[in-house]
Amino acid sequence: MNYLIGAFKSPCNIKVTFSDSKTRKQASIKKENGQTAMVYLFQSQETIAGEVSIEPFHGKKVEHVGVKIELLGQIELYFDRGNFYDFTSLVRELDVPGEIFERKAYPFEFSTVEMPYESYNGVNVRLRYILKVTISRNYVSNIVESQEFCVRNYSPSPTINNSIKMEVGIEDCLHIEFEYNKSKYHLKDVIIGKIYFLLVRIKIKNMELEIRRRESTGSGPNTYVETETLAKFELMDGAPVRGESIPIRLFLSPYELTPTYRNINNKYSVKYYLNLVLVDEEDRRYFKQQEITVFRLLESK
């Protein structure tokens, strides 16, 4: 039985190192098992270069019909788990057929790689980038090693960023106006606004502002929508009176937000909403929801 186990063991160790690993920033990503891991961070149009080393274990040799490295951008929908949709696929051949008896190093380079979408690990979908090394072999299974890395893309501040002004009311009972200072926010931004009570004939107990994330995956009958409440911020405790104005000041930096993602490769979208909730003394809830755009700010150097 021991011989059988040995037959399926990899005869070598494969290691992928990035050429600028000493200076390149790292980011934390969530793995499938819920654990977090630190990986190297890139953005679109960067060159990804480094070295693949293959070292046979003592006394072993690796016969192969070719060695290659691929850079893959993949989307996995959890209702179709195990099936990856490749939206980016680049390959570099590293070696011709032959044998490896001792440690061998292969440099690789993918120049100015187009990586339009950010890495994302959601409720029902995952987008990842990996470097995948394959040692192709005859008659026995290929030897494969993958290394994940993270992609984040940055945007300048928008030139047009209109405020949001809305009214909400129940006829002859309640009439309020609310205003947020803008409609597009970066991940470390502050939501500033005001709420005006123009008519109050119901007894309001409290009022809060929620940040909600809505992830939609798939299409048609296979559309799945997950809504998470990421933050609840109490604006008022007690009954307001007519003419009262309540200020809003909500910092986004404590919350784990991503940018807004719209129709990523026709597979999924992630949108954010501000949800204003009023609760009366009979615990009836009144709310008004407004979409906001979230972006990752390109910081000036």
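The rules behind each value
Residues numbered from 1 in each chain as written. Predicted model: local features only at pLDDT ≥ 70, side-chain atom pairs only at ≥ 80, totals over all residues. Heavy atoms only, no water. Phe/Tyr/Trp six-rings, centres within 6.5 Å; stacked < 30°, edge-to-face > 60°. Lys NZ or Arg CZ within 6 Å of the ring centre and 35° of its normal. Pairing = 2+ DSSP bridges. Helix = DSSP H or I, 4+ residues; strand = E, 2+ residues; numbered from the N terminus. Axes fitted to C-alpha atoms, helices over the stretch in contact; angles between N-to-C directions. Buried < 20%, exposed > 50% of the residue type's maximum accessible area, 1.4 Å probe, protein only. Contact = heavy atoms within 4.5 Å. Salt bridge = Lys/Arg side-chain N within 4 Å of Asp/Glu carboxyl O. Core = buried A, V, L, I, M, F, W, Y, C linked by side-chain atoms within 4.5 Å.

J.: So what's going on with the packing of aromatic side chains? Residues and values would help.
T.: Under the definition given, this model contains 11 aromatic pairs. The rings of F18, Y40, F42, F87, Y117, Y129 and F149 are connected pair by pair, giving a single aromatic cluster. For R214, the ring lying beneath its charged end belongs to Y273, and the centroid distance is 4.5 Å. The ring centre of Y85 lies 4.4 Å from the NZ or CZ of K267, which sits over that ring.

J.: Any details on the sheet that holds strand β19 (residues 245–251)? Residues and values, ideally.
T.: Strand pairing in a sheet takes place through backbone hydrogen bonds and is either antiparallel or parallel in direction. With antiparallel pairing, the four strands of this open sheet are ordered in space as β13-β14-β16-β19. Both outer strands of the open sheet, β13 (164–170) and β19, are each paired with one neighbouring strand and no more. Taking each pair of neighbouring strands and ignoring which way they run, the sheet shows an average axis angle of 20°. Relative to strand β14 (residues 174–180), β13 runs antiparallel, the two sharing seven bridges. Note that in β14 the partner of G169 across the bridge is H175.

J.: Could you give an account of the environment of E281, naming the residues involved and the relevant values?
T.: Here E281 lies in the loop between β21 (268–280) and β22 (285–295). The exposed category is assigned to E281, whose relative accessible area is 53%. On a C-alpha basis, the gap between E281 and A239 in space is 9.4 Å, while along the polypeptide they are 42 residues apart. Those residues within four positions of E281 in sequence are excluded, and the remaining contacts are K203 and K205.

J.: Talk me through the environment of E70; I want residue IDs and the actual numbers.
T.: Within the secondary structure, E70 is located in strand β6 (residues 67–77). Judged by its relative accessible area of 13%, E70 is buried. Contact partners of E70, with chain neighbours within four places excluded, come to L90, V91, F110, I130, L131, K132 and T134.

J.: Describe the pattern of salt bridges, naming the residues involved and giving the relevant values.
T.: Scanning the entire structure with this criterion turns up 16 salt bridges. Here E63 ties to K61 by a salt bridge, and the two come within 3.4 Å at their closest N and O atoms. A salt bridge links K182 to D189, with the nearest nitrogen and oxygen atoms 3.1 Å apart. A relative accessible area of 21% places K182 in the partly exposed class. For D189, a relative accessible area of 9% gives the class buried. Three or more residues joined by partner-sharing salt bridges are found here, namely D20, R24 and E46.

J.: If you had to explain the nonpolar core to someone new, which residues and values would you point to?
T.: Formed by 68 residues in total, the largest nonpolar core has its most connected members in L131, F149, Y180, I195 and L276. In this structure L131 touches V16, F18, I48, I69, E70, L71, F108, F110, E145, S146, Q147 and F149, once residues within four positions along its chain are discounted. Formed by five residues, the second largest nonpolar core is a distinct cluster that contains A27, I29, V39 and L41.

J.: Report on the sheet that holds strand β9 (residues 104–110), specifying residues and quantitative values.
T.: With respect to topology, three strands assemble into an open sheet ordered β1-β4-β9, the strand pairing being antiparallel. Sheet topology places β1 (12–18) and β9 at the edges, where each strand pairs with a single neighbour. Direction aside, neighbouring strands of the sheet carry axes that sit 20° apart on average. By the bridge criterion, seven bridges tie β1 to strand β4 (residues 48–56) in an arrangement that is antiparallel. Residue pairing for β4: N13 is matched across the bridge by E55.

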